[in-house]
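Survey of secondary and tertiary structure
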Amino acid sequence: SSAGGARWPVAVVTWLAYAGLLVARQSQPTPAEHTLKEAAIAVIRALALPRLYGPLVEAAWDAAVGEPLLDAVVFAGAAAHPAVLAGLAHQDPDVRVFCATAAAALGIAEAAEPCVKLLGASETRVRVAALRALAGLSAEAAVPAMLRCLADPTEPVRKAAVRALGAMDAGLVTHALLAERELAHAQAALALEIMRISPCSAQHEFVGAALCD
């Protein structure tokens with residue numbers, strides 16, 4: 001119809017305008033610019049056009065708009081999965097952090113493997129986000145890699161590892177932890193904290209030995 005034909009140029013202009021607004025980087029965005037970004041996010045959420053989800057994810061470089069971004073991505077559901085998965089390999093650490101959080105919120109099982117790779121990222125906040133995402137995804141195959149984070153050089157990552165492992169299946173985590181005896185004894189205090197958060201009978205021997213330390 002003629003009406004339908006008139007919409008296409010408007011859609012193209014809208015896509016270019018909002019995509020450009022979201023991905024354009026300013027060293028210190030002003031409150032007015034944040035307001036414009038939030039308006040753009042709201043429009044993209046309403047339009048539900050998959051071609052806009054890539055720029056939507058890239059906008060996560062600006063952590064100040066993280067909350068409305070996450071709301072929009074979760075609202076998009078499965079249509080946003082490709083953009084979120086691609087964002088896990090983005091060069092910007094804040095985009096990777098956002099995508100790890102979004103992957104867990106959306107329950108994207110395919111995100112587990114990329115999140116395991118993020119455990120080796122140089123940025124502390126990326127490793128923390130990856131641990132939280134893996135716990136949120138109940139990624140059982142990732143438990144050995146998560147356990148190695150108990151020896152991370154930074155305290156925030158070690159704490160995140162304890163919370164993440166404590167949120168997963170206690171029997172599975174305990175079995176994996178006790179299989180890594182050297183790590184378990186070297187990080188005994190953290191291992192005991194995991195067991196305190198999520199106890200099971202398989203932990204008795206380790207706890208008993210710790211009482212005699």
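Refer to the structure presented above.
Read on for a plain summary of the structure. Quick caveat, the model's predicted, so the values are computed rather than measured.

Observations regarding the packing of helix 4 (residues 66–76) against helix 6 (residues 93–106)
Their axes nearest at 10 Å, the elements helix 4 and helix 6 cross at an angle of 40°. Comparing the axis directions of helix 4 and helix 6 gives the class oblique. Classified by chirality, the crossing of helix 6 by helix 4 is right-handed. Residues Gly66, Leu69, Leu70, Val73 and Val74 of helix 4 lie in contact with helix 6, whose contacting residues are Phe98, Thr101, Ala102, Ala105 and Leu106. Classifying every residue of the contact of helix 4 with helix 6 gives 8 nonpolar, 2 polar and no charged.

Concerning the side chain of Arg127
Within the secondary structure, Arg127 is located in helix 8 (residues 124–136). For Arg127, a relative accessible area of 6% gives the class buried.

Some remarks on the packing of helix 13 (residues 188–197) against helix 14 (residues 204–211)
The geometry of helix 13 relative to helix 14 is characterised by a closest axis approach of 11 Å and an angle of 135° between their N-to-C directions. In terms of orientation, helix 13 lies oblique with respect to helix 14. Crossing hand, helix 13 versus helix 14: left-handed. Contacts between helix 13 and helix 14 involve Ala188, Ala191, Leu192 and Met195 from the former and Phe206, Val207 and Ala210 from the latter.

Rules and cut-offs
- Residues numbered from 1 in each chain as written.
- Predicted model: local features only at pLDDT ≥ 70, side-chain atom pairs only at ≥ 80, totals over all residues.
- Heavy atoms only, no water.
- Axes fitted to C-alpha atoms, helices over the stretch in contact; angles between N-to-C directions.
- Helix = DSSP H or I, 4+ residues; strand = E, 2+ residues; numbered from the N terminus.
- Parallel < 35°, antiparallel > 145°, perpendicular 65-115°, else oblique.
- Left-handed = near helix turned anticlockwise from the far one by under 90°.
- Contact = heavy atoms within 4.5 Å.
- Nonpolar A, V, L, I, M, F, W, Y, C, P; charged D, E, K, R; others polar.
- Buried < 20%, exposed > 50% of the residue type's maximum accessible area, 1.4 Å probe, protein only.

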